[in-house]
Amino acid sequence: MSKAKKLFLLFIFYFLVVFVFYFPAQNAKFVNDTFYYLYEIETTGWKGILWSYHMIFLWYLPSLAYCILYKLFGLHWLGWHIVFCVIHSMNALLLFILLNSIFSRGIVQVSLLASFLFLMSPFQTEVVAWGAALHYLLILLFLLSGFLVLLKYFETLKIKYLVYYHLLFACSLSCFEQAFFYPFAYGLFVLLIVPAVVNTRRMDALRIFLWRFFSLNILFIAAYFFLTKLVFGEWIAHYGATKHINISLKLLYSCFLNYNWKFLFFYRYLPFASRQFFERAAITNIAGIVFAILFFLMSCVFLKKKYYATSTGKILLFLFLCYFLMLLPVLNLDQSFVFEIQSDRYGYIASAFFYPLLAFIAYKIFNRSLYVLFATGEIIICATLLINSVHLWHRSGDVGFSLLKSYPLRSSQKAYILNLPDNYKGAYVFRNGFSEGLGLFHHNNYRTSVTPIAMVNIYTKQNETDTRKINDSTYCVRSTEIGKWYYFSGHGSCDYKKENYTVDFDEWNTTYTLTITKKPEDTTYVLQCYGDQWKIIDTLSH
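Residues numbered from 1 in each chain as written. Predicted model: local features only at pLDDT ≥ 70, side-chain atom pairs only at ≥ 80, totals over all residues. Heavy atoms only, no water.

**Student:** Got a minute to help me understand the overall build of the protein chain in this structure?
**Tutor:** Tallying secondary structure elements over the protein chain gives 19 helices and 13 strands in all. Scaling as 2.2 N^0.38, a compact globule of 542 residues should have a C-alpha radius of gyration of about 24 Å, and the protein chain matches this with 25 Å. Dimensions of the protein chain, computed from the C-alpha atoms along their principal axes, are close to 80 × 55 × 45 Å. In the protein chain, which comprises 542 residues, the share counted as buried stands at 54%. Of all intrachain contacts in the protein chain linking residues separated by at least 6 positions in sequence, the fraction that spans at least 24 positions is 74%. Roughly 24,300 Å² of accessible area belongs to the protein chain as shown, and the carbon and sulfur atoms make up 64% of that amount. (Helix = DSSP H or I, 4+ residues; strand = E, 2+ residues; numbered from the N terminus. Rg over C-alpha atoms; globule rule 2.2 N^0.38 Å. Buried < 20%, exposed > 50% of the residue type's maximum accessible area, 1.4 Å probe, protein only. Contact = heavy atoms within 4.5 Å. Areas by Shrake-Rupley, 256 points an atom, 1.4 Å probe, with all protein chains shown as cover.)

Now the structure itself:
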């Protein structure tokens, strides 16, 4: 059987695995930000691509992809599901091809295990199950393709591969800011891997890379900043300069350790008592110090024994440094991934280097029997936890769709919503995009008629909120489940005041009081999400 046929069959296998495992999360594509994107596409059409559908960073290629998918499939889950599964499977296949090019012959099992663990990782669900994370799938596709094209260029020195490389990098820049670090990953590839694979002098390869690849990459990045300034009026958009340039070494180191515990020990899924123990400040600090000391000692041995000069040392160094590089731009962002699914997407690119690093180290330190045992155990753990995580997205999608379909009011009728679901055990529901989702389902503009008073994390599809009317203008809203709390604008809650009402949260954000200070001019309904249905609590009129 030819090599191409073998790779095609491997892709089909990967696709079928992903398609089946993620099949329950049908409606999860259409929760939270996804509805915002699709509503913008519905109302502005193709021209919205020019300003990235009002997103505050440049992502022209994902905008085009979203527009095409919506025009083709609308809100039908199957087409979206197939596309996301295809891209994730393609990323796993490209990872296998890349690793097979790097590793010496005879250890194809390392490439297979690494790519399959990447495919089946329970930490990929936010990217594969949730529709708003398409750009993460695409940007990794371009990164892995870039490595292969770069290798092909040094093997053949054909100009077409130089052109392909720069096209892929331009596409990467159009997806997400992590692409700023791609040239350094490619530089590591040329410095540590390419000379051994294509039998060329390291300094010659590095000189070619700097002049023909890296220098143009820097120009592309500079153009990206200028375009961002032109479109948004800021040099650094998205989360803004305050967030992106928060260089706190303590924060960065702490978050890096969290990613290691997450990938290596499946930290989130440990028993509650174990997590409570490790979350203690003293234990966390000790773990951080011990990790730093061990890393320093291992680095000393690595340098003294000159392992960096061996093929094994170069591969380990390349994989580790790329893993760190792909985490570096997101280390100062949201760390909620330690406890919940949300923000897992930030580690998607880095995981493409972590799992090869893990598989390669295991291959080097275990004998054949232990390696098979290790691989079997990792696959079983990943598959089991993946099923668990997909189930959460299945529930979040079901709750979201049910609330949209059963919404009892017309777009002309105003409503205060007491407990809009923010997430289902960490899987997004309506942190954003609720009014846009109503607009898509009911073909009207609900943006001015719906006002969420507070959002809440939910644990079941049943009612978990108790609402009591204290007097004509005051309502007490209380969560009935331990571990639930209320949000405001998706970022925790605090007392706030609006023109017609005030909201006061208790110390633990498990109860709040809504006080109507001025009857609204238009008739306004007070709604409660009663599980995955609706309940009209009261009617306010001037």
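**Student:** Would you mind showing me how to read the environment of L58 here?
**Tutor:** One can find L58 in the loop between helix 2 (33–44) and helix 3 (60–73). Separated by 173 residues in the primary sequence, L58 and V231 place their C-alpha atoms 8.7 Å from one another. Not counting residues up to four positions away in its chain, the partners in contact with L58 are S52, L173, S174, C175, Y224, L227, T228, V231 and F232.

**Student:** When you look at helix 8 (residues 159–173) in this model, what are you seeing that I'm missing?
**Tutor:** Because each turn of an α-helix spans 3.6 residues, side chains separated by three or four positions end up pointing in the same direction. Under the 1.5 Å per step criterion, the end-to-end length of helix 8 is 22 Å for 15 residues, consistent within 8% with the ideal 21 Å. Every buried residue of helix 8 is listed here: Y161, L162, Y165, H166, L168, F169, S172 and L173. Buried residues of helix 8, viewed axially, fall in a sector of 160°; they line one side. Facing away from the buried side of helix 8, by more than 90 degrees, are the exposed residues I159 and L167. (Expected span 1.5 Å × (residues − 1). Arc of directions from axis to C-beta.)

**Student:** Explain the pairing of strand 11 (residues 511–516) to me, please; I cannot follow it from the model alone.
**Tutor:** Here is the key point about a regular strand: its side chains alternate between the two faces of the sheet. Pairing geometry for strand 7 (residues 474–479) and strand 11, over 5 bridges, is antiparallel. Directly across from Y475, in strand 11, lies its bridge partner L514. As paired strands, strand 10 (residues 501–505) and strand 11 are joined by 5 bridges and run antiparallel to one another. When the sheet's bridge partners are listed, V503 is paired in strand 11 with L514. Once strand 10 ends, the chain turns through 5 residues before running back antiparallel as strand 11, passing N509 with a positive phi of about 60°. (Pairing = 2+ DSSP bridges.)

**Student:** I would appreciate a short explanation of empty space enclosed by the protein in the present structure.
**Tutor:** One way to see where empty space is left: roll a probe the size of a water molecule over the atoms. The full count for this structure, using the stated rule, is 2 cavities of 30 Å³ or more. Reported here for the largest cavity is a volume of approximately 70 Å³. Each pocket or cavity is described by its volume, and for the second largest cavity that value is around 30 Å³. Of all elements in the fold, only helix 4 (77–102), helix 16 (311–327) and helix 17 (348–365) reach the threshold of two or more residues within the lining of the second largest cavity. Per element, the largest residue contribution to the lining of the second largest cavity is 4 residues, and it comes from helix 4. Split into classes, the residues belonging to the lining of the second largest cavity amount to 9 nonpolar, no polar and no charged. (1 Å grid on protein atoms, 1.4 Å probe; cavity = no way out; pocket = protein on both sides within 12 Å on 5 of 7 lines; lining within 4 Å. Points joined across faces, edges and corners; volume = space filled by probe spheres on them. Nonpolar A, V, L, I, M, F, W, Y, C, P; charged D, E, K, R; others polar.)

**Student:** How should I be thinking about the sheet that holds strand 11 in this particular structure?
**Tutor:** Through backbone hydrogen bonds, the strands of a sheet pair up, either in parallel or in antiparallel fashion. Spatially, the 5 strands line up as an open sheet ordered 6-7-11-10-9, and their pairing is antiparallel. Each edge of the open sheet carries a strand with a single partner, namely strand 6 (465–471) and strand 9 (496–497).

**Student:** I keep staring at unusual backbone geometry and nothing clicks. Help me out?
**Tutor:** Note: most peptide bonds trans; most residues except glycine with negative phi. In this model, N32 sits at a positive phi of 55°, which is unusual for a non-glycine residue. With respect to the secondary-structure elements, N32 resides in the loop between helix 1 (3–21) and helix 2. By relative accessible area, which is 2% here, N32 ends up buried. The backbone phi angle of N509 is positive, close to 60°, even though this residue is not glycine. Here N509 falls in the buried class, since its relative accessible area comes to 19%.

**Student:** Would you mind showing me how to read the pattern of salt bridges here?
**Tutor:** Between side chains of opposite charge, a pair can form when the charged atoms approach closely. Inspection of every chain in the model, using the stated rule, returns 12 salt bridges. Here E464 ties to K484 by a salt bridge, and the two come within 3.0 Å at their closest N and O atoms. Of this pair, E464 sits in the loop between strand 5 (455–458) and strand 6 while K484 sits in the loop between strand 7 and strand 8 (486–487), and the two are 20 residues apart along the sequence. Residue E464 shares its accessibility class with K484, and that shared class is buried. A salt bridge links K469 to D538; the shortest N-O distance between them is 2.6 Å. Here the residue K469 occupies a position in strand 6, and D538 occupies one in strand 13 (residues 533–540), the gap between them amounting to 69 residues. (Salt bridge = Lys/Arg side-chain N within 4 Å of Asp/Glu carboxyl O.)

**Student:** Would you take a moment to explain the sheet that holds strand 2 (residues 420–424) for this structure?
**Tutor:** In space, the 4 strands of this open sheet follow the order 3-2-5-8, with mixed pairing throughout. Two strands lie at the open edges of the sheet, namely strand 3 (427–428) and strand 8, each paired on one side alone. Pairing geometry for strand 2 and strand 3, over 2 bridges, is antiparallel. Looking at the pairing, Y424 lines up with A427 of strand 3.

**Student:** What's the story with the packing of helix 5 (residues 108–120) against helix 18 (residues 368–405) in this structure? I'm lost.
**Tutor:** When two helices pack together, their arrangement is captured by the angle between the axes and the distance separating the axes. The N-to-C vectors of helix 5 and helix 18 enclose an angle of 15°; their axes lie 9 Å apart at closest approach. Taken as axis vectors, helix 5 and helix 18 run roughly parallel relative to one another. Of the two elements, helix 5 crosses helix 18, and the hand of that crossing is left-handed. Of the residues in helix 18, those in contact with Q109, V110, L113, F116, L117 and M120 of helix 5 are R368, Y371, F374, A375, E378, I379, C382, A383 and L386. (Axes fitted to C-alpha atoms, helices over the stretch in contact; angles between N-to-C directions. Parallel < 35°, antiparallel > 145°, perpendicular 65-115°, else oblique. Left-handed = near helix turned anticlockwise from the far one by under 90°.)

**Student:** What is the right way to read a nonpolar patch on the surface from this model?
**Tutor:** On the surface, a cluster of nonpolar side chains totalling about 810 Å² of accessible area is made up of I286, I289, V290, I293, L294, F296, L297 and M298. Checked against the element boundaries, V290 lands in helix 15 (residues 281–304). Residue V290 is classed as partly exposed on the basis of its relative accessible area, which comes to 41%. (Patch = residues over 30% accessible without salt bridge, like charges linked within 9 Å, V, L, I, M, F, W, Y side chains within 5 Å.)

**Student:** For this particular structure, what's the right way to read the packing of helix 7 (residues 134–156) against helix 11 (residues 202–232)?
**Tutor:** For the pair helix 7 and helix 11, the least separation of the axes is 12 Å and the interaxial angle reads 120°. In terms of orientation, helix 7 lies oblique with respect to helix 11. In terms of crossing hand, the pair formed by helix 7 and helix 11 is right-handed. For the pair formed by helix 7 and helix 11, the contact residues are L150, Y153 and F154 on the first element and A205, I208, F209, R212 and F213 on the second. Taken together, the residues of the contact of helix 7 with helix 11 sort by class into 7 nonpolar, no polar and 1 charged.

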